[in-house]
Every structure is written in C-alpha cells, then in structure tokens.
Amino acid sequence: MKFSSPAHAERVTSRIGLALAVTFTLCFVTGLISHLIQHPPPWFGWPSRPVWLYRVTQGTHVLSGIASIPLLLAKLWSVYPKLFERPVIRSVAHALERLSILVLSAAAFFELVTGLFNIAQNYPWTFYFPQLHYAVAWVAIGSILVHIAVKLPKVRLTKEPDPSRRAFLRTTWLAAGVAVVATAGATVPLLRNVSGLSWRSGKGPQGLPVNRTAAAAGVLDTARDPNWRLSVVTPKGTKTYSLDELRALPQSSAELPIACVEGWSQSAHWSGVSLPELLRDAESAPGTPVRVISLDKGIYGSSDLPGEHTADELTLLALELNGEILDIDHGFPCRIIAPNRPGVLQTKWVTRLETL
Ligand SMILES: Nc1nc2c(c(=O)[nH]1)N[C@H]1C(S)=C(S)[C@@H](COP(=O)(O)O)O[C@H]1N2
Ligand SMILES: [Mo]
C-alpha cells in the first residue's frame, strides 16, 4: 500500500527531522551548560561576564525545547504508518533501528513533558527533576545520534516537496513559531505583551517575579528579626554585621537580571555591598570562593560563589531593589545577586558567608 497522506513522505520527514536536530542540539548544549554551572566539576569554569550570557543560554534552552514539541509531534505523525510496519523485525540492523527510534521517541517525549511541567508549575518534582531530566537528556541525544547516523544516507532535502506537503510543512513551522512566541515573553521584554504563556514576567513586588516567597520558605520571622546579623567567616575569624553596619559600608549598584532556570528572566536595578568590598572589609581577598548560607533551610538555601564571581565588583550582597529596600519576598534583609548566574544560585535571606 502506498501512503496517501501528504505528510507521509521522506522529504517532509527529513526536513522536520533536520529542524528537530537543530532544536534538540541547542536544547542539549544549553542544558548541559546550565547543569555544569549548578554542579561544577573541577575542570569547569563559568565567567562572570557578559552579565546576560546565562539569560541567553537558558532562554534558548527553554525556547528550543518549546519549539521541539510541535516539531516532534509533526515528525511522529509524518512517520507513524511506518511504526506499524509488518514484519515487526526484518533483520538485526532493522531491529536495532526500530529500538533506537522507540528509545529516542520515549526519551524526547519525557524531556519535553518534564521540561514543560517545570516551566509551568514551578518544580512539581522538587528534588529529582533536575537529575532525571539531565540523565534522560543523555539517552535522548545518544539515540538521536544513532538515528541520524542510520538515516543520513537516506535524507532527501534537495528536491522541493509537492504543494500539499509544503502545506503540512508550513503548518508545522507555524505551530513551532507560535509556541515560541507564546513563551518568549518570559525572557524577551519586547514580547511580554504578546506572550500568553509568560506566566511570571513583570508580576510580583517591586516589579520582579518571585520564585519562592518568604512565607513558603518559612523565614518571615527570622528575616525580620531585629537581632538578625550577617556572619562572614574567614580563616582569620568571624566578623558579624548588623543591617545598619552593612548600609554604612561603601555601596555599589548594578543593573542585573534574575535568570531563572525555568526560562523567565528579568533585569532590575540592585544596590548593596559588592562582594570584593565585603571580603576586603572582613580581611579576606576578593577572588576567594565563598559559600552563601540562607535563613531558608530548603534545598535552595545555600550556594557557592566561585572566585570569578567574588572578584567581580558587580557581584552584590544586595540591600535594595529598584530604589527601595528589598521586599521580604526578594530576600530582605540581604540577598546575593551576581552577574551571569542561574537564578537558583541568587540566594535570598542571606545570614552567613564562609570563605572556601
Ligand atoms: N534562600 C533561597 N533563595 C533563593 C530561592 C529559594 O528558594 N531560597 N529561589 C531561587 C530561585 S529558583 C530564583 S529564580 C531566584 C528568584 O529571585 P526572586 O524571587 O527575587 O525573583 O531566587 C533564588 N533564591
Ligand atoms: Mo529559579
């Protein structure tokens, strides 16, 4: 039997496959970068400049993932009669090829669905989501490489598809484009008003979204306690600062984005004490790695600032946001805001810094 549907043709499949190869590669590489920044092996270093780089890589991660969803659906639809081919297995090579497609489809589907839930629902799987999303990404990219190696000799791109097939392709590109535009407002300011799905941008106190509130983190009382102090622990000893003492130190300002791993990002104006300034005041050296510890005892209650960041004057222990005292939901009395870092490492409600 010959396929009659316009989409069921190798040329269409190849074009969508090529687009998917591009979006998946972008998604994989940017996801790997994000993973390495959050779990840096000894050989990995991530610069503190340009300040917007992570915003771009993580925005690319989320948007290329979003674009992949309609592409993957179109790809599966355009090949689905083949999935029911008989005989199920013709040879060992054929069996391996079919198995790799099964693994590839399942892994790609898992990545896109878990990623989508993560963007939409704010960590429904708190702890294991990142590890599992990361592990399955390797399965997906591995099976994609096998699939490409098998299919490359058969790829047909040179001849134009006929008109009905072109319509199917146009619909596919349009669906991917609409999906991207609908989400991009979460990170691209100009698209904010046309993006129905940019859930969080522009909302929240002081014009900035909140990821986890002080109430949710259980720090409402401890963060407002007049006896709150910041301890800076160095090999020379521990120096403590009250909020007034921090305000009395030389203040710096910076325009820096919060770039959440979920893909939303927004720039804001921050003021406070720069890390190099604070380290000098505590008789330590800028460029020393520092562990940041929060009043929040949850899984995002601590982060490590590498030397690149503690040497950078733009890394702030922020006391103010957009010209006002930090809102408690943004980390009052003080929070870390550093250039070119994932939002998850911009620790709020800081109470202790330890040089490493
Ligand atoms: N102590 C603490 N700091 C935290 C978090 C947290 O849960 N606890 N969430 C992080 C995440 S995931 C992001 S994206 C940013 C968001 O900062 P905002 O809520 O001020 O926008 O804060 C980060 N700092
Ligand atoms: Mo985040």
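Residues numbered from 1 in each chain as written. Chains lettered and ligands numbered in written order. Predicted model: local features only at pLDDT ≥ 70, side-chain atom pairs only at ≥ 80, totals over all residues. Heavy atoms only, no water.

A. Looking closely at the nonpolar core. One finds Leu230, Leu246, Trp270, Leu278 and Leu317 to be the most contacted residues of the largest nonpolar core, which totals 53 residues. Ranked by residue count, the leading element in this core is strand E7 (residues 316-321), at 5 residues. By size, the runner-up hydrophobic cluster in this structure holds 10 residues, among which are Leu20, Phe24, Leu72 and Leu104. (Core = buried A, V, L, I, M, F, W, Y, C linked by side-chain atoms within 4.5 Å. Buried < 20%, exposed > 50% of the residue type's maximum accessible area, 1.4 Å probe, protein only. Helix = DSSP H or I, 4+ residues; strand = E, 2+ residues; numbered from the N terminus.)

B. Representation of helix H5 (residues 163-184) in the model. Here H5 spans 31 Å end to end across 22 residues, near enough to the 32 Å set by a 1.5 Å rise per residue. For H5, the complete set of buried residues consists of Arg165, Phe168, Leu169, Thr172, Ala176, Ala179, Ala182, Thr183 and Ala184. Where H5 is buried, its residues contact helix H1 (10-38) and helix H2 (53-83). (Expected span 1.5 Å × (residues − 1). Contact = heavy atoms within 4.5 Å.)

C. The arrangement of a nonpolar patch on the surface in detail. Together, Val92, Leu96, Leu99, Leu102, Val103 and Val139 give the surface a local cluster of nonpolar side chains, amounting to about 570 Å² of exposed area. It is helix H3 (residues 92-121) that provides the largest number of residues to the nonpolar patch, a total of 5 residues. Along the polypeptide, Leu102 turns up in helix H3. (Patch = residues over 30% accessible without salt bridge, like charges linked within 9 Å, V, L, I, M, F, W, Y side chains within 5 Å. Areas by Shrake-Rupley, 256 points an atom, 1.4 Å probe, with all protein chains shown as cover. Salt bridge = Lys/Arg side-chain N within 4 Å of Asp/Glu carboxyl O.)

D. Here's a closer look at the site of ligand 1. Around ligand 1, the surrounding shell holds 19 residues, and the nearest of these are Pro209, Asp296, His330, Arg335 and Lys348. Contact between ligand 1 and Asn211: an oxygen atom at 3.0 Å from a main-chain N or O atom of the residue. Contacts to ligand 1 include Arg335, whose side-chain N or O atom sits 2.9 Å from an oxygen atom. Taking 530 Å² as the accessible area of ligand 1 by itself, protein coverage stands at 100%. Structurally, ligand 1 is housed in the largest cavity. Of the residues belonging to the shell around ligand 1, the class tally is 9 nonpolar, 6 polar and 4 charged. (Near = heavy atom within 4 Å. Polar contact = N/O pair within 3.5 Å; in protein donor to acceptor, adjacent residues only side chain to side chain. 1 Å grid on protein atoms, 1.4 Å probe; cavity = no way out; pocket = protein on both sides within 12 Å on 5 of 7 lines; lining within 4 Å. Sits in = over half its atoms within 2 Å of the grid points. Nonpolar A, V, L, I, M, F, W, Y, C, P; charged D, E, K, R; others polar.)

E. Examining the environment of Thr114 more closely. Looking at where Thr114 falls in the secondary structure, it is placed in helix H3. Of the residues examined, Thr114 reaches a relative accessible area of 8% and is grouped as buried. Within the local environment of Thr114, its side chain forms a polar contact with the backbone oxygen of Phe110, the two atoms lying 2.8 Å apart. Looking at Thr114, its side chain comes within polar contact range of the main-chain oxygen of Glu111, at 3.3 Å.

F. Geometry of the domain arrangement of the chain. Here the domain parsing of the chain yields domain 1 (6-191) and domain 2 (205-355). On a C-alpha basis, the centres of domain 1 and domain 2 stand 36 Å from each other. Both faces combined, the contact of domain 1 with domain 2 buries some 2,100 Å², and carbon together with sulfur accounts for 53% of it. At the boundary of domain 1 and domain 2, one finds 1 salt bridge. A salt bridge links Arg49 to Asp312; the shortest N-O distance between them is 2.7 Å. (Domains from an automatic or database assignment. Buried area = accessible area lost by both parts, 1.4 Å probe.)

G. Quick look at the layout of surface pockets. Within this model, the largest pocket holds a volume of roughly 1,200 Å³. What lines the largest pocket is a set of 43 residues, and nearest its centre among them are Lys75, Val79, Ile101, His147 and Lys151. At 10 residues, H3 tops the list of elements feeding residues into the lining of the largest pocket. Tallied by class, the residues present in the lining of the largest pocket amount to 24 nonpolar, 8 polar and 11 charged. Considered as a void within the structure, the second largest pocket measures approximately 910 Å³ in volume. Along the wall of the second largest pocket there are 40 residues; nearest its centre are Ser34, Gln38, Phe129, Pro130 and His133. Counting only elements with at least two residues in the lining of the second largest pocket, the list comes to H1, H2, H3, helix H4 (128-151) and strand E6 (302-305). (Points joined across faces, edges and corners; volume = space filled by probe spheres on them.)

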